[in-house]
Amino acid sequence: MKAFHTFCVVLLVFGSVSEAKFDDFEDEEDIVEYDDNDFAEFEDVMEDSVTESPQRVIITEDDEDETTVELEGQDENQEGDFEDADTQEGDTESEPYDDEEFEGYEDKPDTSSSKNKDPITIVDVPAHLQNSWESYYLEILMVTGLLAYIMNYIIGKNKNSRLAQAWFNTHRELLESNFTLVVVLPLGDDGTNKEATSTGKLNQENEHIYNLWCSGRVCCEGMLIQLRFLKRQDLLNVLARMMRPVSDQVQIKVTMNDEDMDTYVFAVGTRKALVRLQKEMQDLSEFCSDKPKSGAKYGLPDSLAILSEMGEVTDGMMDTKMVHFLTHYADKIESVHFSDQFSGPKIMQEEGQPLKLPDTKRTLLFTFNVPGSGNTYPKDMEALLPLMNMVIYSIDKAKKFRLNREGKQKADKNRARVEENFLKLTHVQRQEAAQSRREEKKRAEKERIMNEEDPEKQRRLEEAALRREQKKLEKKQMKMKQIKVKAM
Amino acid sequence: MSTNNMSDPRRPNKVLRYKPPPSECNPALDDPTPDYMNLLGMIFSMCGLMLKWCAWVAVYCSFISFANSRSSEDTKQMMSSFMLSISAVVMSYLQNPQPMTPPW
């Protein structure tokens, strides 16, 4: 029993080892070639002899202690090989392979031999099969970018807020001494001021635009101040500004009372700003058609130019104090625009032309650049205080300045001319609009008649409509006759 | 017209309420950036289900739209844009957890 057990164990072990060895081979031919006997290394030379044939290793048990290994089938195979060798042609005996047997396998002997000579190359595992954090470097980059954006948002927002507060603290006294109401915007939902008294904070329209409304002063209806800071909270904008420096701006719009300002259009500012305004603004393009002129005649620096409706206005506006303001703060002034015909920028409507002239208001507009070209600090806001003084002075000046008789006539003529041009341009459209209105009226009346259930009433309404039409025709005919008579 | 002091320009009886300009001219003057970024964010979110980098760009677009938005802007729209872009990123990673390959 003991021997039998030993035999089984040995058989199992040998079987598993040989199987493991044979696992590496893909086809029978390789298994045939592989042999772990002593003659394996001489296989290539002694191909046509004994080792080519498959050898079956049988373990037999003769007695308890020893086992013998017999090589079976060897003689038979040898004979078979010799027979094969005899049938082959003489010149093939020296060749290791029969050509006909191995068609298409010409390269194989070569590659198998060359394979043994090449060193083993270790290929990197592709990134998508790795499972380490390093392979997610793009994701980490994205998240870092987002965090940077959020940080910049917080920092930019805080800076804009501090600048706005600094501006307000500097200007508060001046504003409160000139206006009864200094209030933040926007108003409450019902359109009323939630707080009618002055408040200490500026309203935010955006993270970079702050509004303030001042009212309750002689001469003007009110003053809207808009602090248009740079978009410091947007990282893209910050990067764009690195290419092209831009300044923060303060825009002030004073709406004058109708009786407190005469009829003129006038602008002074940097040449670039004036050219842009002339293109964009309705009133400047209509009333100041000439190119911006140099203000050197009045003592202004070369950087500033003047756009004016007539020379008298320029002479009247450019008094000593105004020239002093403009000269001393020329670097901070972008544009100053006084107009009684202000209606905002030109509106491009789909039908080509608006049917009526836009509403105009007497307005004084100021655009100032905050010093620093983007790198602004809260203390820079103090430099804008003299400009606010200029605004107050301009309000009073606009009230005092009156055109003489000639100037007034010229101004009236200009306004009439503009209106006539406008009417001519829109004549066709207005006619069409009137025609469509008339047709609409007729249609409505017909419908009313049709809908009338009472036949008597219907008849009466129809008669009334007929009579009206006849009257109209008669009137037209009368008019034509009169025109003919006049022509004669 | 009674004035307290000739040098005091204030007139309490002339206080006027602020009337915002009519909304017709506002769209032309308003910055269109937040609206464009919102739209781009939504488009990239849709494409993000196929391409991972699109989903990340959508997240960036919604952040930029938020940073440029006006205070009167609807917060619900902002939040929905955020949620859409974040869900696009999450969905694309659930579907395919492997790291992103650069689009170039």
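Residues numbered from 1 in each chain as written. Chains lettered and ligands numbered in written order. Predicted model: local features only at pLDDT ≥ 70, side-chain atom pairs only at ≥ 80, totals over all residues. Heavy atoms only, no water.

- With an unreviewed UniProt entry as reference, chain B is termed PAT complex subunit Asterix, source organism Ursus maritimus.
- Here chain B is described in UniProt, under the heading Subcellular location (unreviewed entry), as follows: "Membrane".
- Recorded in UniProt under Sequence similarities (unreviewed entry), the annotation for chain B is "Belongs to the Asterix family." (UniProt positions renumbered as here; feature names shortened; annotations may be inferred.)

1. Some thoughts on the interface of chain B and chain A
At step 1: Every contact between the two is made by 32 residues of chain B and, on the other side, 42 residues of chain A.
At step 2: Buried area between chain B and chain A, both sides added, is near 3,300 Å², and the carbon and sulfur share of it is 65%.
At step 3: On the chain B side of the interface with chain A, the three residues burying the most area are Y18(B), Y60(B) and P99(B), jointly 20% of the side's total.
At step 4: At the surface where chain B touches chain A, the tally comes to 0 salt bridges.
At step 5: At the surface where chain B touches chain A, the tally comes to 14 residue pairs in polar contact (both at pLDDT 80 or more).
At step 6: No other element matches the 9 residues that helix α3 (residues 52-68) of chain B contributes to the side of chain B that touches chain A.
At step 7: When its residues are assigned to classes, the side of chain B that touches chain A shows 18 nonpolar, 6 polar and 8 charged. (Contact = heavy atoms within 4.5 Å. Buried area = accessible area lost by both parts, 1.4 Å probe. Salt bridge = Lys/Arg side-chain N within 4 Å of Asp/Glu carboxyl O. Polar contact = N/O pair within 3.5 Å; in protein donor to acceptor, adjacent residues only side chain to side chain. Helix = DSSP H or I, 4+ residues; strand = E, 2+ residues; numbered from the N terminus. Nonpolar A, V, L, I, M, F, W, Y, C, P; charged D, E, K, R; others polar.)

2. Notes on the packing of aromatic side chains
At step 1: In the structure shown here, the tally under the stated rule is 12 aromatic pairs over all chains.
At step 2: Where F266(A) meets F338(A), the ring centres are 6.1 Å apart and the plane angle is 45°; that geometry is what we call tilted. Residue F266(A) is found in strand β8 (residues 265-270), and its partner F338(A) is found in strand β11 (residues 333-342); the two are separated by 72 residues along the sequence.
At step 3: Relative accessible area serves as the criterion here: at 1%, F338(A) is assigned to the buried category.
At step 4: Site record: aromatic cluster; members linked through ring pairs are Y149(A), Y153(A), F63(B), F66(B) and F82(B).
At step 5: The ring of Y377(A) carries K159(A) above its face, with NZ or CZ at 5.1 Å from the centroid.
At step 6: The positively charged end of K52(B) is found above the aromatic ring belonging to Y93(B), 4.7 Å away from the centroid. (Phe/Tyr/Trp six-rings, centres within 6.5 Å; stacked < 30°, edge-to-face > 60°. Buried < 20%, exposed > 50% of the residue type's maximum accessible area, 1.4 Å probe, protein only. Lys NZ or Arg CZ within 6 Å of the ring centre and 35° of its normal.)

3. With respect to the UniProt feature "transmembrane region" (unreviewed entry) in chain B
At step 1: If you check UniProt for "transmembrane region" (unreviewed entry), the listed places come out as residues 39-66 of chain B in our numbering.
At step 2: Along residues 39-66 of chain B one finds 89% helix and 0% strand; the C-alpha atoms at either end are 12 Å apart.

4. Here we look at the pairing of strand β5 (residues 209-215) of chain A
All names here are of chain A.
At step 1: When you tally the buried positions in β5, you get 7 out of 7 residues, the bulk of the element.
At step 2: Judged by which residues are buried, β5 turns out to be covered on both faces: I209, N211, W213 and S215 on one side and Y210, L212 and C214 on the other are all buried.
At step 3: The pairing of strand β3 (residues 181-184) with β5 spans 4 bridges and is classified as antiparallel. Along β5, the bridge assignment pairs V183 with W213. (Pairing = 2+ DSSP bridges.)

5. Describing the packing of helix α5 (residues 137-178) of chain A against helix α11 (residues 385-400) of chain A
Residues and elements named next belong to chain A.
At step 1: Where α5 meets α11, the axes come as close as 10 Å, and the angle between the chain directions of the two elements is 25°. It follows that α5 is roughly parallel to α11 by the angle criterion. In this structure, the crossing between α5 and α11 has a hand that is right-handed. In this structure, α5 uses W167, T170, H171, L174, L175 and N178 to contact α11, whose residues at the interface are L385, M388, N389 and I392.
At step 2: Partitioned by chemical class, the residues of the contact of α5 with α11 number 6 nonpolar, 4 polar and no charged. (Axes fitted to C-alpha atoms, helices over the stretch in contact; angles between N-to-C directions. Parallel < 35°, antiparallel > 145°, perpendicular 65-115°, else oblique. Left-handed = near helix turned anticlockwise from the far one by under 90°.)

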